[in-house]
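Here is what each chain is made of, one letter per residue.
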Amino acid sequence: MSILEKAIQACLANPLAFCKFISSNDAGATGAHQFGFYIPLDSWEILFDSPGVRGEMKDKFVTIKWQDDFETDTRFIYYGQKTRNEYRITRFGRGFPYLRDTHVGDLFVLVQISSEYYHGYVIDTDEDIEFFLSSLGLSASQTNRIIKGANSLQATSIRLEQLFNEFIVSLQIEFPDTVQMSAKAREIYQRINVKANREHPDSLLLKWLDIEYSLFKAIESNRYKERLSAPFLTVDELVDCANTLLNRRKSRAGKSLEHHLKEVFTINMLEFGTQVITEGNKKPDFIFPGGAQYHDTLFPKDKLVFLGAKTTCKDRWRQIINEADNIRVKHLFTLQQGISENQLIEMEQHQVVLVVPKQYIGSFPKSFHDKIMTLEGFISMVKNR
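Note that this is a predicted model, so its numbers are computed, not measured.

What counts, and where the lines are drawn
Residues numbered from 1 in each chain as written. Predicted model: local features only at pLDDT ≥ 70, side-chain atom pairs only at ≥ 80, totals over all residues. Heavy atoms only, no water. Disulfide = S-S within 2.5 Å. Buried < 20%, exposed > 50% of the residue type's maximum accessible area, 1.4 Å probe, protein only. Pairing = 2+ DSSP bridges. Helix = DSSP H or I, 4+ residues; strand = E, 2+ residues; numbered from the N terminus. pLDDT = per-residue confidence, 0-100. Contact = heavy atoms within 4.5 Å. Expected span 1.5 Å × (residues − 1). Bend = angle between axes of the 7 residues up to and from the residue. 1 Å grid on protein atoms, 1.4 Å probe; cavity = no way out; pocket = protein on both sides within 12 Å on 5 of 7 lines; lining within 4 Å. Points joined across faces, edges and corners; volume = space filled by probe spheres on them. Nonpolar A, V, L, I, M, F, W, Y, C, P; charged D, E, K, R; others polar. Axes fitted to C-alpha atoms, helices over the stretch in contact; angles between N-to-C directions. Parallel < 35°, antiparallel > 145°, perpendicular 65-115°, else oblique. Left-handed = near helix turned anticlockwise from the far one by under 90°. Salt bridge = Lys/Arg side-chain N within 4 Å of Asp/Glu carboxyl O. Phe/Tyr/Trp six-rings, centres within 6.5 Å; stacked < 30°, edge-to-face > 60°. Lys NZ or Arg CZ within 6 Å of the ring centre and 35° of its normal.

**Student:** How should the state of the cysteines be read in this particular structure?
**Tutor:** Each disulfide consists of a covalent bond between the sulfur atoms of two cysteine residues. A complete count under the given rule lists 0 disulfides for this structure. Not part of a disulfide, Cys-11 finds its nearest cysteine sulfur in Cys-19, a span of 7.3 Å. When its relative accessible area of 7% is taken as the criterion, Cys-11 is described as buried. With no disulfide partner, Cys-313 has as its closest neighbouring cysteine sulfur the one in Cys-19, 17 Å distant. When its relative accessible area of 0% is taken as the criterion, Cys-313 is described as buried.

**Student:** Looking at this structure, how should I read the sheet that holds strand β10 (residues 286-288)?
**Tutor:** Hydrogen bonds between backbone atoms are what pair the strands of a sheet, whose relative direction is either parallel or antiparallel. With mixed pairing, the 6 strands of this open sheet are ordered in space as β9-β10-β11-β12-β13-β14. Taken across any chain shown, the strands that pair with only one partner, and hence form the sheet edges, are β9 (273-274) and β14 (373-374). Where strand β13 (residues 352-356) meets β14, 2 bridges bridge the pair, whose relative direction is parallel. Bridging across to β14, Val-355 finds its partner in Met-373.

**Student:** Even after reading the chapter, I still don't get the confidence of the model for the protein, so can you show me in this structure?
**Tutor:** Should pLDDT be low for a region, the predicted coordinates there are not to be read in detail. Put simply, the protein has an average pLDDT of 88, and 94% of its residues get 70 or more. Across residues 150-156, confidence stays below pLDDT 50; counting only partners more than four residues off in sequence or on other chains, it has 13 contacts.

**Student:** Please explain helix α6 (residues 235-267) as it appears in this structure.
**Tutor:** Side chains of residues three or four places apart in an α-helix project in the same direction, reflecting 3.6 residues per turn. Counted at 1.5 Å a residue, the expected span for α6 with its 33 residues is 48 Å, and the 48 Å between its end C-alpha atoms agrees. By the largest-angle criterion, Ala-253 marks the main kink of α6, which is about 30 degrees. Directly after α6, the chain includes Met-269, whose backbone phi takes a positive value near 55 degrees.

**Student:** What's the story with empty space enclosed by the protein in this structure? I'm lost.
**Tutor:** Any empty space left between the atoms is revealed when a probe the size of a water molecule rolls over them. Counted by the stated rule, this structure contains 2 cavities of 30 Å³ or more. One number sums up the size of the largest cavity: a volume of about 120 Å³. As for the largest cavity, its lining consists of 13 residues, of which Ser-139, Ala-140, Tyr-213, Ala-253 and Thr-311 are closest to the centre. Partitioning the lining of the largest cavity into residue classes produces 7 nonpolar, 4 polar and 2 charged.

**Student:** I keep staring at the pairing of strand β6 (residues 107-114) and nothing clicks. Help me out?
**Tutor:** The two faces of a sheet get side chains in turn, since along a regular strand they alternate between them. Most of β6 is tucked away, with 6 of its 8 residues classed as buried. Pairing between β6 and strand β7 (residues 117-123): 7 bridges, direction antiparallel. Bridge pairing in β7 links Val-111 to His-119. The antiparallel hairpin formed by β6 and β7 contains 2 residues in its connecting segment.

**Student:** How do you make sense of the packing of helix α3 (residues 158-170) against helix α4 (residues 178-192) when you look at a structure like this?
**Tutor:** In a pair of packed helices, the angle between the axes and the distance between the axes together describe the arrangement. Interaxial distance between α3 and α4 falls to 11 Å at its minimum, and their mutual angle equals 140 degrees. Classed by the angle they form, the pair α3 and α4 counts as oblique. Crossing geometry of α3 relative to α4 is assigned as right-handed. Residues Arg-159, Leu-160, Leu-163, Phe-164, Glu-166 and Phe-167 of α3 form the contact with α4, whose own contacting residues are Gln-180, Lys-184, Ile-188, Arg-191 and Ile-192. The residue makeup of the contact of α3 with α4, split by class, is 6 nonpolar, 1 polar and 4 charged.

**Student:** What is the right way to look at the pattern of salt bridges in this model?
**Tutor:** Where side chains of opposite charge bring their charged atoms close, a pairing between them can arise. Scanning all chains against the criterion turns up 14 salt bridges. Residues Glu-86 and Arg-88 are paired through a salt bridge, measuring 3.0 Å at the closest nitrogen-oxygen approach. The residues Glu-86 and Arg-88 share a single accessibility class, namely buried. One salt bridge connects Arg-191 with Glu-166, and the closest N-O pair in it is separated by 3.7 Å. Of this pair, Arg-191 sits in helix α4 while Glu-166 sits in helix α3, placing them 25 residues apart in sequence. Of the residues examined, Glu-166 reaches a relative accessible area of 43% and is grouped as partly exposed. One network of salt bridges, with partners in common, ties together Lys-6, Lys-65 and Asp-68.

**Student:** Help me out: how do you make sense of the pairing of strand β4 (residues 70-79) in this one?
**Tutor:** The buried count for β4 comes to 7 of 10 residues, which makes it a mostly enclosed element. Two successive antiparallel strands, strand β3 (residues 57-66) and β4, enclose a turn made up of 3 residues, where Gln-67 displays a positive phi of approximately 55 degrees. Strand direction decides the pairing type here: β4 and strand β5 (residues 86-90), joined by 5 bridges, are antiparallel. Pairing of Phe-76 across the sheet is with Ile-89, part of β5. Here β4 hands over to β5 after 6 residues, with Lys-82 in that stretch at a positive phi of 55 degrees.

**Student:** Got a minute to help me understand the packing of aromatic side chains in this structure?
**Tutor:** For any pair of aromatic rings, the description consists of the separation of the ring centres together with the inter-plane angle of the planes. Scanning the entire structure with this criterion turns up 22 aromatic pairs. Between Phe-92 and Phe-96, the aromatic rings sit 4.5 Å apart at their centres with planes inclined by 15 degrees, giving stacked as the arrangement. Through a chain of ring-to-ring contacts, the aromatic side chains of Phe-37, Trp-66, Phe-70, Phe-92, Phe-96, Tyr-98 and Phe-108 assemble into a single cluster. Here Arg-186 stacks its cationic end above the ring of Trp-208, 5.6 Å away from the centre of that ring. Here the guanidinium or amino end of Lys-371 rests over the ring plane of Phe-368, the centre of that ring lying 4.8 Å away.

Below, the structure is given as structure tokens:
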């Protein structure tokens with residue numbers, strides 16, 4: 001069994017798990033107080049029985065088995081004194097490999113086996129990361145938090161659950177297509193927040209993605225409730241059902257991001273084309289102001305803007321380099337939280353500019369903070385062009 005399969009199985013077999021992209025802050029490359037995996041305040045339960053109290057410190061030592069290979073005697077600690085208010089996982093012993101710059105951008109998974117014993121996994125390729133997230137029913141925007149059960153609606157409010165159920169009852173088909181699913185998620189968010197379209201695009205996009213994934217899992221749970229309550233008669237039957245679920249999850253991830261970005265750009269009154277055919281029959285995700293201008297030899301090339309969209313881009317960022325020869329600088333939107341400094345330098349050399357939600361900027365090396373664009377900043381740049 002591969003490390004990826006073991007990580008998925010461990011998360012499904014145990015009640016408490018957590019995942020996050022390894023950031024430069026974790027590796028000590030941002031000038032933080034110390035290196036070690038940072039755990040957000042609302043995920044304290046993966047570490048302790050009760051939350052930390054301001055003004056105090058608390059810690060405990062546990063054993064973590066990494067990649068089903070070696071163990072470390074590791075410290076969970078809450079810093080609550082003076083201005084600090086954070087949780088960290090520290091002390092891994094000499095030679096621990098996963099807090100080096102080369103692993104920034106990998107996905108760290110922590111699974112609680114008991115209060116004193118954990119399994120830790122590090123998943124390092126875009127394909128495996130996306131497979132893991134799809135298998136757990138997560139979006140790339142739903143990392144850096146406790147992993148809830150695949151069919152859980154605990155993260156949704158009662159009102160959201162009511163709106164989800166209304167939509168499910170109205171469906172005349174098994175599953176809506178990706179366009180309808182994304183549009184319904186935005187509509188539901190608008191109904192619970194009438195001022196939604198006035199929000200900053202960075203936070204609005206993430207909220208839409210969260211709503212959509214919760215909605216998708218609610219539909220999935222409803223559609224497969226009866227099937228999953230009965231035993232599978234053969235292994236092949238089980239595998240076929242699992243593959244159907246997984247393939248549907250995987251196929252939606254990238255499309256969901258593109259649909260919501262398109263709506264953000266429309267709200268902000270940008271002119272753009274999607275899937276414009278360029279050289280070599282390539283089809284970039286977005287060309288501003290559009291395909292007609294891209295192919296017009298008289299249109300100034302410096303007014304053209306390219307944007308690719310990839311949920312993760314640790315390996316796949318190179319795919320966009322040759323997608324539009326008329327546009328020298330390529331912009332790439334991603335939900336990836338953290339990429340190593342060496343890779344960011346390589347991107348810069350190939351004139352690729354990252355665009356990420358504002359909330360994710362801090363997960364990248366400090367020396368690159370002013371070189372990475374927020375979604376709001378990207379929109380302003382396109383308007384100025």
